[in-house]
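For reference, the chains in residue letters:
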Amino acid sequence: MEAKGISQAVIGRLPRYFRYLGELKDEGIERVSSQELSDIMQVTASQIRQDLNNFGGFGQQGYGYNVEYLYEEIGKILGLDKEHHLIIVGAGHLGQALVNYMDFERRGFLFRGLFDIDPKIHGTRIRGIKVRPMQEMERFVKEKEIDIAVLTVPKSVAVGVAEQLVSYGIKGIWNFAHVDLHVPKGIQVESVHLSDSLMKLSYNLSSYDGQIEVE
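The structure contained in this document is the topic of the report that follows. Note that this is a predicted model, so its numbers are computed, not measured. (Residues numbered from 1 in each chain as written. Predicted model: local features only at pLDDT ≥ 70, side-chain atom pairs only at ≥ 80, totals over all residues. Heavy atoms only, no water.)

### Some points on the nonpolar core
For step 1, the next point in the chain: Core analysis: the biggest nonpolar cluster contains 21 residues, and Ile 87, Val 89, Met 137, Val 141, Leu 151, Leu 165 and Ile 170 have the highest contact counts within it.
For step 2, the next point in the chain: Sorting the residues of this core by element identifies strand E3 (84-89), helix H7 (137-143), strand E7 (148-151) and helix H8 (155-168) as the ones contributing at least two each.
For step 3, the next point in the chain: Looking at which element gives the most residues to this core, the answer is H8, with five residues.
For step 4, the next point in the chain: Those residues in contact with Leu 165 that lie beyond four places of it in its chain are Ile 87, Val 89, Met 137, Ala 149, Leu 151 and Ile 170. (Core = buried A, V, L, I, M, F, W, Y, C linked by side-chain atoms within 4.5 Å. Buried < 20%, exposed > 50% of the residue type's maximum accessible area, 1.4 Å probe, protein only. Helix = DSSP H or I, 4+ residues; strand = E, 2+ residues; numbered from the N terminus. Contact = heavy atoms within 4.5 Å.)

Here is the structure:
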């Protein structure tokens, strides 16, 4: 699927550009060439130029890119120039770990609520956020204008919970359940399958076993 004619592969590289440019900005570097970015990111300079040209280019031949400007512009493309209000559905170990990860807030992703079916943890707080029963979720989503829901529930209930969230007005779902979600057009889903990433690592280990070159 493509958004405005821009491939998901290009969109998938934007967070890496943003992260590396942020590091350069923190180091006080004002300008960077596509070749210098290539050396840092292990992406070809021509690919970098092609990617950025999808959004207007941002650079000047012989000058390169202004680091702070490009960092801010990519942030806008990624929607990081505005706040996003999130809830987590499933207050288990993964849900708690996500709430405790402070970097999300620095990027404008603000956790507003935690929901779980376990009555034993209702009313407890995780980093100041109260765990609420599922019955309160609809009103909370509408009153707090929540736009993103994070699913950290078992796959056996994930589809039903996702349908509920869509009916409540949620526009984006960050899905950690091991199941594919089929939602109406216009609802954005980003699924994170941790085991897929680990299996990819396993494949690369197996494929290159014994082929490591030491200089």
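Read on for the rest.
### Some words on the side chain of Ser 34
For step 1, the next point in the chain: Position of Ser 34 relative to the elements: it lies in helix H2 (residues 34-41).
For step 2, the next point in the chain: Of the residues examined, Ser 34 reaches a relative accessible area of 11% and is grouped as buried.
For step 3, the next point in the chain: If we skip the residues at most four places from it in the chain, Ser 34 touches Ala 45, Ile 48, Arg 49 and Tyr 65.

### Here's the deal with the side chain of His 84
For step 1, the next point in the chain: In this structure, His 84 sits in strand E3.
For step 2, the next point in the chain: There is a polar contact of 3.0 Å between the side chain of His 84 and the side chain of Asp 147.
For step 3, the next point in the chain: Ignoring sequence-local partners within four residues, the contact set of His 84 consists of Gly 79, Gly 108, Phe 109, Leu 110, Asp 147 and Ile 148. (Polar contact = N/O pair within 3.5 Å; in protein donor to acceptor, adjacent residues only side chain to side chain.)

### Concerning unusual backbone geometry
For step 1, the next point in the chain: Phi at Gln 42 takes a positive value of approximately 60 degrees, unusual for a residue other than glycine.
For step 2, the next point in the chain: Even without a glycine there, the phi angle at Arg 127 is positive, about 50 degrees.

### Let's talk about the packing of helix H1 (residues 8-26) against helix H3 (residues 45-53)
For step 1, the next point in the chain: Relative orientation of the contacting elements H1 and H3 amounts to 105 degrees, with a least axis distance of 11 Å. Between H1 and H3, the angle is such that the two are roughly perpendicular. Each of Val 10, Arg 13 and Tyr 17 in H1 lies in contact with H3, whose residues at this interface are Gln 47, Ile 48, Asp 51 and Leu 52.
For step 2, the next point in the chain: When grouped by side-chain class, the residues that make up the contact of H1 with H3 number four nonpolar, one polar and two charged. (Axes fitted to C-alpha atoms, helices over the stretch in contact; angles between N-to-C directions. Parallel < 35°, antiparallel > 145°, perpendicular 65-115°, else oblique. Nonpolar A, V, L, I, M, F, W, Y, C, P; charged D, E, K, R; others polar.)

### Let's talk about the pattern of salt bridges
For step 1, the next point in the chain: One pass over the full model with this rule turns up seven salt bridges.
For step 2, the next point in the chain: Here Asp 118 makes a salt bridge to Lys 120, at a shortest N to O gap of 3.3 Å.
For step 3, the next point in the chain: With a relative accessible area of 23%, Asp 118 lands in the partly exposed category.
For step 4, the next point in the chain: Across the salt bridge formed by Lys 142 and Glu 138, the nearest N and O atoms sit 2.9 Å from each other. Taken as a pair, Lys 142 and Glu 138 lie in helix H7 at a separation of four residues, close to a single helical turn.
For step 5, the next point in the chain: On the basis of relative accessibility, which here comes to 48%, the residue Lys 142 falls in the partly exposed class. (Salt bridge = Lys/Arg side-chain N within 4 Å of Asp/Glu carboxyl O.)

### What to know about the pairing of strand E4 (residues 109-116)
For step 1, the next point in the chain: For E4, the buried fraction is high: six of the eight residues fall into the buried class.
For step 2, the next point in the chain: Where E3 and E4 come together, six bridges link them in parallel fashion. Among the inter-strand pairings, Ile 87 is bridged to a residue of E4, identified as Gly 113.
For step 3, the next point in the chain: Bridge count for E4 against strand E6 (residues 129-133) is three bridges, and the pairing is parallel. Note that in E6 the partner of Asp 116 across the bridge is Pro 133. (Pairing = 2+ DSSP bridges.)

### Things to note about the packing of aromatic side chains
Aromatic rings in a pair are described by how distant their centres are and how their planes are angled relative to each other.
For step 1, the next point in the chain: Counted by the stated rule, this structure contains seven aromatic pairs.
For step 2, the next point in the chain: Arranged with centres 6.2 Å apart and planes meeting at 65 degrees, the rings of Phe 58 and Tyr 69 form a pair that is edge-to-face. Taken together, the residues span a long stretch of sequence, with Phe 58 in the loop between H3 and strand E2 (65-66) and Tyr 69 in helix H4 (residues 67-77) at a distance of eleven residues.
For step 3, the next point in the chain: The class for Phe 58 is buried, based on a relative accessible area of 19%.
For step 4, the next point in the chain: Of the residues examined, Tyr 69 reaches a relative accessible area of 40% and is grouped as partly exposed.
For step 5, the next point in the chain: Ring centres 5.4 Å apart and planes at 75 degrees place the aromatic pair Phe 115 and Phe 140 in the edge-to-face group. One end of the pair, Phe 115, is in strand E4; the other, Phe 140, is in helix H7, with 25 residues separating them in the sequence.
For step 6, the next point in the chain: Here the aromatic cluster, defined as three or more aromatic residues joined through ring pairs, consists of Tyr 101, Phe 104, Phe 111, Trp 174 and Phe 176.
For step 7, the next point in the chain: Above the plane of the ring of Tyr 20 lies Arg 19, whose end atom (NZ or CZ) is 5.0 Å from the centre. (Phe/Tyr/Trp six-rings, centres within 6.5 Å; stacked < 30°, edge-to-face > 60°. Lys NZ or Arg CZ within 6 Å of the ring centre and 35° of its normal.)

Take it as geometry only, folks, not as evidence of what the structure does.
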